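Spelled out, the chains give:
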Amino acid sequence: LEISLENNDTFRLYTFVPYQKGRPAVMGRLDKYIGVKAVVAENARSLTLYEGGRIGFVSETPISLEADGKQLTVKQNGCLQWVTVDADTKVLYYR
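Residues numbered from 1 in each chain as written. Predicted model: local features only at pLDDT ≥ 70, side-chain atom pairs only at ≥ 80, totals over all residues. Heavy atoms only, no water.

## Some details on the overall build of the protein chain
A tally of regular secondary structure across the protein chain gives zero helices and nine strands. The secondary structure elements of the protein chain, listed N-terminal to C-terminal, are β-β-β-β-β-β-β-β-β. Once the C-alpha set of the protein chain is aligned to its principal axes, its extents read approximately 45 × 25 × 25 Å. Taken over 95 residues, the protein chain has a buried fraction of 29%. For the protein chain, the computed accessible surface area is about 6900 Å², with 50% contributed by carbon and sulfur atoms. Taken together, the 12 basic and 11 acidic charged side chains of the protein chain have centroids lying 5 Å from each other. (Helix = DSSP H or I, 4+ residues; strand = E, 2+ residues; numbered from the N terminus. Buried < 20%, exposed > 50% of the residue type's maximum accessible area, 1.4 Å probe, protein only. Areas by Shrake-Rupley, 256 points an atom, 1.4 Å probe, with all protein chains shown as cover. Lys, Arg positive; Asp, Glu negative; His and termini not counted. Charge placed at Lys NZ, Arg CZ, Asp CG, Glu CD.)

Next up, the structure:
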């Protein structure tokens, strides 16, 4: 896979995450430079977080998430989707 990035500024930071069709790609915290470090573990049914915050996903289809037995509100802009969870939330479940 060849990738070419233009240098239009003095500094740039790009985040690459694995993407598998039919499954959301987890971006981690959207408000951090290295947001993927907020995710400790992921499997087909859940996502374990180091810390809460605004967690982003890339998915072609809408995602549904639950935490602490409650359905979470997922916001969307194109393929980018995100949910905001409090600092105490450590596990998100895909539904």
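## A few points about the pairing of strand β9 (residues 91-94)
The two faces of the sheet receive side chains in turn, since in a regular strand these alternate between them. Residue alternation in β9 divides its side chains into a buried set, L92 and Y94, and an unburied set, V91 and Y93. Pairing geometry for strand β3 (residues 46-49) and β9, over three bridges, is antiparallel. Bridging across to β9, L47 finds its partner in L92. Pairing analysis gives two bridges linking strand β5 (residues 65-67) to β9, with the strands arranged antiparallel. Opposite L65, over in β9, you have Y94 as the bridge partner. (Pairing = 2+ DSSP bridges.)

## Notes on the layout of surface pockets
The volume enclosed by the largest pocket comes to roughly 200 Å³. Around the largest pocket, the lining residues are V17, P18, Y19, Q20, R23, P24, A25, V26, G28, V36, V39 and E42. Secondary-structure elements contributing two or more residues to the lining of the largest pocket are β1 (25-29) and β2 (39-42). Across the lining of the largest pocket, the residue classes tally to eight nonpolar, two polar and two charged. (1 Å grid on protein atoms, 1.4 Å probe; cavity = no way out; pocket = protein on both sides within 12 Å on 5 of 7 lines; lining within 4 Å. Points joined across faces, edges and corners; volume = space filled by probe spheres on them. Nonpolar A, V, L, I, M, F, W, Y, C, P; charged D, E, K, R; others polar.)

## Remarks on the side chain of Q81
Topologically, Q81 is positioned in strand β8 (residues 80-85). In terms of polar contacts, Q81 uses its side chain to reach the backbone carbonyl oxygen of S59, at 3.4 Å. Apart from the residues lying within four places of it in its own chain, the contact partners of Q81 are I55, G56, F57, S59, T61, P62, I63, V74, K75 and Q76. (Polar contact = N/O pair within 3.5 Å; in protein donor to acceptor, adjacent residues only side chain to side chain. Contact = heavy atoms within 4.5 Å.)

## Concerning the sheet that holds β1
Taken together, the four strands give an open sheet; going across it, the order is β1-β4-β8-β7, and neighbouring strands pair in antiparallel fashion. Looking at strand neighbours, the two that pair on one side only are β1 and β7 (75-77), the edges of this open sheet. Each strand of the sheet is rotated relative to its neighbour by a mean of 25°, with strand direction disregarded. Sheet topology note: the β7/β8 ladder contains three bridges and is antiparallel. Looking at the pairing, K75 lines up with W82 of β8. (Axes fitted to C-alpha atoms, helices over the stretch in contact; angles between N-to-C directions.)

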